[in-house]
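Close look at the chain arrangement
One-letter residues, chain by chain:
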Amino acid sequence: MSEPMIDEPEAIPETLREREQWVCWREAERDGKPTKIPVTPGAGGFASATASETWASFEAALDYTETEHADGVGFVFTDDDPIVGIDLDDCRDPETGDVDNDAQDIIARLDSYTEVSPSGTGYHVLITGTLPDGRNRRGSVELYDTARFFTVTGDHVGRTPTRVARRQDALTAIHREYVQDTERDTAPESKQYEGADDESPTTDAVDVDLEDEDLLEKARNASNGEKFERLWNGNTVGYDSQSEADMALCCLLAFWTGGDRTQMEQLFRQSGLMREKWDEVHYADGSTYGEKTIERAIATTSEFYDPDAGDDAADSHDAPDRVTAGSTPDDADRSRAYLAEKNRLLSERVDELEATLEQKTERIETLEAKVERLTDELATRDRETAQSHEEDSGTARETDDDSESPSMLSRFFGGQSE
C-alpha cells in the first residue's frame, strides 16, 4: 500500500480518539477508479456511516489495520458531535509539496488540526462548529458534518494546531466564499452520499430541505400516500419480490428528498423494508445493495418535489410504475426506466427459479433411478426367497417319505421278526 500508515497515533487529537466513531477502510476499484470501502473493525464486513453498530473505538480500528483486511482508519461524522470536516482535493503536489493558493488560504483561516490525505494530493481539516445551510460542495472543496467518514492518516501538517479548534466564523465565511457563492459557479451540486471522502458519487438533486418528520407527513398525505404508507411499513403486497418493493419506496423517497442520497439512506433504514441485505456488498465495484438501489432510484426519477410549487404539485406525483394516458415525456421516460428495472428484477427472479427447478429436476431423476434400483433389488430378493421356500419344502417332503417307510416295514415285518 502506498498510503502512509499512522506511525504516531498520539498525533491525532484526543477529541477524535476518545469517540467510538471509528471505522476502517480498504481500497478497491469502482468504475475503474480507486475508492475507499468502509469496513467494520474486527468483523470485516461493510461499515455504514449511519449505522453505529458498525463503528468501534480508535484503538480497535487501529488494531484491525494490522490485518490484511484493512488499509486505514476513518472517523465518522454524526449529528451528535460538533465536528466538521473540510476536504480539500487536488490542491497539493505529492512530489514537491507545493500547495495552491485557495487551499493555503482556507487552511490558514481555519487554523485547526490539518493532515495530508491518503492520496497525498489533498488535505483534511477538522474543526468544531455548525455547518451552514445550503450546498456543501463546489469544485475541490467539500464540507460535511454527518453521515460520512473521513480517512485519517495522522500525517499532521506542520505549523497547524494539534487540536481541533472551534472556528465557526471562519467556517461560515469559507462556506460563503468557496462553496455557496453562485457567482463563481452556478452549476447545482447536491450533498453527497456516505462513503469515502475522495471519490464519493454526486447527483443533480433539488434542495428540498425538509426534516424527516415533515417529509414523512407530506408523503403520507399525498394522493399516493396509501402506497407510501404500505411500503414504509414493510408491506410488499403487489410486488413480485422485496427488491422490487425496495426500489418502489426508494423512488418515492427520491422524489420527496430531492434526490438527497444521505436523507434517503437515513429514511429507508427507519422503514419496515430495512433488512441485512441492504448493507451487503453485491457488486464487483464494491457497492452495496442499498447503494445501488438508491443510485438507480435517483436515476429513474426525473421529477422532484418542489417546495415552492405547493402541495398541489406534489399530490400529482406518483411512483413511476405505469404509463398513463396524457402523461408527459418525462413521466413516460421515468416509467420506461422503472419498467426496465422491474424487468431486470423479474429476469433475475426467473433465472433463480429456473436454476431451482433444474436442481429439483436433477433430484427427482436421482430419486427415480434409486427407486428403480431398489425395486429391482426387491424383486430379485423376492424371487430368491420364493426359490428358497420351494427348496425347503422339497427337502421336508423327502424327509417325511423317508421317515414313513421304516414304520410301514415295521408294520409288515415286525410281527414276523418277533
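My aim in this report is to walk through the structure given alongside it, one point at a time. All figures in this text were calculated on a predicted structure; none of them were measured in a lab.

**Observations regarding the overall build of the chain**
- Summing up its helical and strand segments, the chain has 11 helices and nine strands in all.
- When burial is assessed residue by residue, the chain has 43% of its 418 residues classed as buried.
- Sequence-distant contacts, at least 24 apart, represent 72% of the contacts inside the chain between residues at least 6 apart.
- Here the chain displays about 22200 Å² of accessible surface, and carbon together with sulfur accounts for 45% of that area.

**Description of the packing of helix α5 (residues 212-221) against helix α6 (residues 225-232)**
- Running from N to C, α5 and α6 cross one another at 125 degrees; their axes reach a closest spacing of 6 Å. The orientation of α5 with respect to α6, classified from their angle, is oblique. Taken together, the residues of α6 that come into contact with α5 (itself represented by Leu216, Ala219 and Arg220) are Gly225, Phe228, Glu229 and Trp232.
- Split into classes, the residues belonging to the contact of α5 with α6 amount to four nonpolar, one polar and two charged.

**A few points about the pattern of salt bridges**
- Summed over the entire model, instances satisfying the criterion amount to 12 salt bridges.
- Measuring nitrogen to oxygen at the nearest pair gives 3.0 Å for the salt bridge that ties Asp105 to Arg109. In this pair, Asp105 and Arg109 both sit in helix α3 (residues 101-110), four residues apart, roughly one turn of the helix.
- Judged by its relative accessible area of 29%, Arg109 is partly exposed.
- Put simply, Glu177 and Arg109 hold a salt bridge, and the shortest N to O gap is 3.0 Å. You can see Glu177 sitting in helix α4 (residues 168-180) and its partner Arg109 sitting in helix α3, a full 68 residues away along the chain.
- Residue classification places Glu177 among the partly exposed residues on the basis of a relative accessible area of 28%.

**Side note on unusual backbone geometry**
- Here the phi dihedral of Asp90 falls at roughly 50 degrees; this positive angle occurs in a residue that is not glycine.
- Asp90 sits in the exposed class, given a relative accessible area of 65%.
- At Asp111, a residue that is not glycine, the phi angle is positive and equals roughly 45 degrees.
- The class for Asp111 is partly exposed, based on a relative accessible area of 33%.

Calculation notes
- Residues numbered from 1 in each chain as written.
- Predicted model: local features only at pLDDT ≥ 70, side-chain atom pairs only at ≥ 80, totals over all residues.
- Heavy atoms only, no water.
- Helix = DSSP H or I, 4+ residues; strand = E, 2+ residues; numbered from the N terminus.
- Buried < 20%, exposed > 50% of the residue type's maximum accessible area, 1.4 Å probe, protein only.
- Contact = heavy atoms within 4.5 Å.
- Areas by Shrake-Rupley, 256 points an atom, 1.4 Å probe, with all protein chains shown as cover.
- Axes fitted to C-alpha atoms, helices over the stretch in contact; angles between N-to-C directions.
- Parallel < 35°, antiparallel > 145°, perpendicular 65-115°, else oblique.
- Nonpolar A, V, L, I, M, F, W, Y, C, P; charged D, E, K, R; others polar.
- Salt bridge = Lys/Arg side-chain N within 4 Å of Asp/Glu carboxyl O.

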